[in-house]
Amino acid sequence: MRNLTMITLLGFLLSGIFLQGCRQKSVQVSRPNVILIMTDDQGYGDLACHGNPHIRTPHLDELHSESIRFTNFHVNPFCSPTRAALMTGRFSDLTHVRTTINGRNHLNKMETTMADYFKASGYHTGHFGKWHLGRNYPFRPVDRGFDQWVGHGDGGTGTASDYWGNDKMNDSYMRNGAWEQFEGFCTDIYFHEAIDFIEKNKEEPFFVYLATNVPHAPWNVLEGARDPYEEELQQFENERGRSVVDFYATITRFDENLGRLRKYLSDNDLSENTILIFLTDNGTAGGGAVYNAGMRGIKGSVYEGGHRVPCFIHWPAAYLNTARDIDRLTSHIDMLPTLIDLCGLKTPGNTKYELSGESWEDLLSGQDTAWKDRTLFLHSQNITQQHEKWKNSMVATEEWRLVNRDELYNIKLDPGQENNVAGEHPAIVSDLRQRYEQYWLEIGEGKSAVQRPEIGSGELSETWLTCDAWIPEKDSPQTWNQSHVNNGVKNFGYWPVTIVRNGTYRFEVRRWPKELSCPIVLAPAAQTRGDIYSKNRPVLVGEGKSIHADRVKLCIGNECYEREIDSEDEQAVFEIELEEGDTEIQAWLVDLQGKEHPAYYVYVNQ
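A brief look at the structure comes next. Bear in mind that the values here come from a model prediction, so they are computed numbers and not experimental data. (Residues numbered from 1 in each chain as written. Predicted model: local features only at pLDDT ≥ 70, side-chain atom pairs only at ≥ 80, totals over all residues. Heavy atoms only, no water.)

**Considerations on the pairing of strand β22 (residues 493–499)**
So, step 1. Taken across its seven residues, β22 has six buried, putting it largely inside the fold.
So, step 2. Of the strand pairs in this sheet, strand β21 (residues 471–472) and β22 are connected by two bridges, and their pairing is antiparallel. The partner of P472 across the bridge, within β22, is G493.
So, step 3. Sheet analysis places β22 next to strand β27 (residues 581–591), joined by five bridges and oriented antiparallel. Across the sheet, residue P496 finds its bridge partner in β27, namely E584. (Buried < 20%, exposed > 50% of the residue type's maximum accessible area, 1.4 Å probe, protein only. Helix = DSSP H or I, 4+ residues; strand = E, 2+ residues; numbered from the N terminus. Pairing = 2+ DSSP bridges.)

Here it is in structure tokens:
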């Protein structure tokens, strides 16, 4: 339990008196609502209010002008680790979440999430958009404190666990664990669902975590969305389709939805006592060549441009609606302890771990002299199952950045990190190295136990095992995307699972996901979907490689089974008696020559 001071922002409000300068304001207010908004792959420089001369973000600019802005705010250099740290208030290295794929994005089932805190405190909780912390029980949003969940498959659009053919237009998304067809552009849908959730729960306090999957690639935009940028930024188009025009167009569409949300809050008298927070999950993925606010590095980098991102907090009831910059070293791990203090949240009874972050309560109330210098740590290793010491690492203090053990930058004097001054400051290098060594011990020397989906718990009717979540035999080639499945990319892996109780379990081993209804040995015909796409982004579904298998092999632990298949079979079915406990599952397609190929999908029922 955090020790809350007697004088807090919330305490002022609930007592009816809050000070602003020499003036007193009398207010009667209930617990604040909270809307936490995070975009995907938008960097610090991808906003007009941060000096970008090309992008159009009028609603973000307006929020910036009415918010407390944390200008030295840091997250992880890429997706899942940021989300884990944000949800738990702990360094992601402590939460099992190290990468975005291969099961290392599954949030430790023992962690207590931000949603758990809000739910324990009587809030309605909803998550809309990208989760990327696990898709089977007990890793889904509805297993981690959220009452309502609408979002795509684990990871980004088009991953192996996403609904086949999703491309951000007229997609199928999970609603509380079941696929549902939606009409429209992804960002529009997530904002619509969030507003609908608020409308149904606005008479009581609510917490909304709205994490869009834009501007992350693949970039597919509404007709006309490119027009404001096409002529000005055409030079940044390239043959791989990684287009800053589409990247900026999706940000602008997000911006329009932010404006729509804020209008709804205003029209329904919810703006005053709603804490509205905006941040992003890592550095820019598409705008670095155009404008990067003078920083070195982009998404994935441990240099500043990979992890320094925007963070705005707006709360009119607490006078946090006037532009003010806070330049102290802050981080996503601070968000949960801050909201615990601002909202007076209760600690859930099963909470096991201490928080890594610090509350911003003093910073927000103008008492920044009480904020002490601190040390932050980052790794950016998106392939390895366990961390490698010092590889792609960063140690940060208010003044210094130690990068990859041997590079030292004075971030106050050299914000672009152009001059390595390690040779001039050996004592500082030694001190930061010692801090890292201590952190390395705290995170178990880079090792953590595998997180296992639970089969047979009764909480989930069907467990869906896909190749983006298996533990691969080799680091490459990668097999996490629908394009890899399409092309029959040859790598193998196993799924670690826990069988919760003894019984008979039904396994369906497949080459293609269920929604395709395609035989194992065939490739589905190519098809286009709709006519609302950007003119240079045709989207194909299902054009791939056939695997001429005649049998399927399934291993569970040390026991292996085989089934012959016909040319029309979409799956091979196995019914197997299993005892409770941890085990591993692996499946193969075997062709006429006896060569093994990966079976990318396994569905398990009891």
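**Some thoughts on helix α3 (residues 79–88)**
So, step 1. Counting buried residues along α3, 10 of its 10 residues qualify, which places the element largely inside the surrounding structure.
So, step 2. Restricting attention to buried positions, one finds in α3 the residues C79, S80, P81, T82, R83, A84, A85, L86, M87 and T88.
So, step 3. G89 sits one or two positions beyond α3 and adopts a positive phi of about 70°.

**Things to note about the environment of T498**
So, step 1. Mapped onto the elements, T498 comes out in strand β22.
So, step 2. Between the alpha carbons of T498 and D566 there is a distance of 32 Å; along the sequence they are 68 residues apart.
So, step 3. A polar contact of 2.7 Å, which involves the side chain of T498, links it to the side chain of D582. (Polar contact = N/O pair within 3.5 Å; in protein donor to acceptor, adjacent residues only side chain to side chain.)

**Structural notes on the pattern of salt bridges**
So, step 1. The tally for this structure, following the rule as stated, stands at 40 salt bridges.
So, step 2. In this structure, R175 engages E193 in a salt bridge whose closest nitrogen and oxygen atoms are separated by 3.0 Å. Residue R175 is located in strand β8 (residues 172–175), and its partner E193 is located in helix α5 (residues 186–201); the two are separated by 18 residues in the primary sequence.
So, step 3. Since its relative accessible area comes to 24%, R175 is described here as partly exposed.
So, step 4. A salt bridge links E584 to R452; its shortest N-O distance comes to 3.0 Å. Here E584 is found in strand β27, whereas its partner R452 is found in the loop between α10 (426–442) and β19 (454–455), with 132 residues between them in sequence.
So, step 5. Judged by relative accessible area, E584 falls into the partly exposed class, the value being 29%.
So, step 6. Salt bridges here are not isolated pairs; linked through shared partners, they connect E462, R506, E508, R510, K514 and E570. (Salt bridge = Lys/Arg side-chain N within 4 Å of Asp/Glu carboxyl O.)

**Digging into the environment of V509**
So, step 1. Considering the arrangement of structural elements, one finds V509 in strand β23 (residues 503–510).
So, step 2. Along the sequence, V509 and V221 sit 288 residues apart, while their C-alpha atoms lie 35 Å from each other.
So, step 3. Those residues in contact with V509, other than ones at most four positions away along the chain, are I520, V552, L554, E570, Q571, A572, F574, A587, A599, Y601 and V602. (Contact = heavy atoms within 4.5 Å.)

**Structural notes on the side chain of T338**
So, step 1. Tracing the backbone through its elements, the reader meets T338 in helix α8 (residues 335–343).
So, step 2. Not counting chain neighbours up to four residues away, the residues in contact with T338 comprise E358, S359, W360 and L364.

**Details of the state of the cysteines**
So, step 1. In the structure shown here, the tally under the stated rule is one disulfide.
So, step 2. A disulfide bridge connects C555 with C560, and the sulfur atoms are separated by 2.0 Å. On the S-S bond that ties C555 to C560, the torsion sits near 105°, and the link is right-handed.
So, step 3. By relative accessible area, C560 is classed as partly exposed at 42%.
So, step 4. You can see C79 has no disulfide; the closest cysteine sulfur is in C186, sitting 14 Å from it.
So, step 5. Residue classification places C79 among the buried residues on the basis of a relative accessible area of 3%. (Disulfide = S-S within 2.5 Å.)

**Concerning the nonpolar core**
So, step 1. Core analysis: the largest hydrophobic core is formed by 45 residues, its most contacted members being F70, F207, Y209 and W360.
So, step 2. The biggest single contributor to this core is α8, with six residues.
So, step 3. Ignoring anything within four residues of it in the chain, the contact list for W360 reads F70, F73, C311, I313, T330, S331, D334, M335, T338 and W371.
So, step 4. Core analysis: the second largest hydrophobic core is formed by 38 residues, V485, I565, A587 and V604 among them. (Core = buried A, V, L, I, M, F, W, Y, C linked by side-chain atoms within 4.5 Å.)

**Some details on the sheet that holds β23**
So, step 1. The strand order β20-β29-β23-β26 describes an open sheet built from four strands, whose pairing is antiparallel. Since the sheet does not close on itself, it has two edges, and those belong to β20 (463–466) and β26 (572–578), each with one partner. When strand polarity is set aside, the average angle formed by the axes of neighbouring strands in this sheet is 20°.
So, step 2. Pairing of β23 with β26 involves seven bridges; the strand directions are antiparallel. (Axes fitted to C-alpha atoms, helices over the stretch in contact; angles between N-to-C directions.)

The quantities given are spatial measurements derived from coordinates; they are silent on function.
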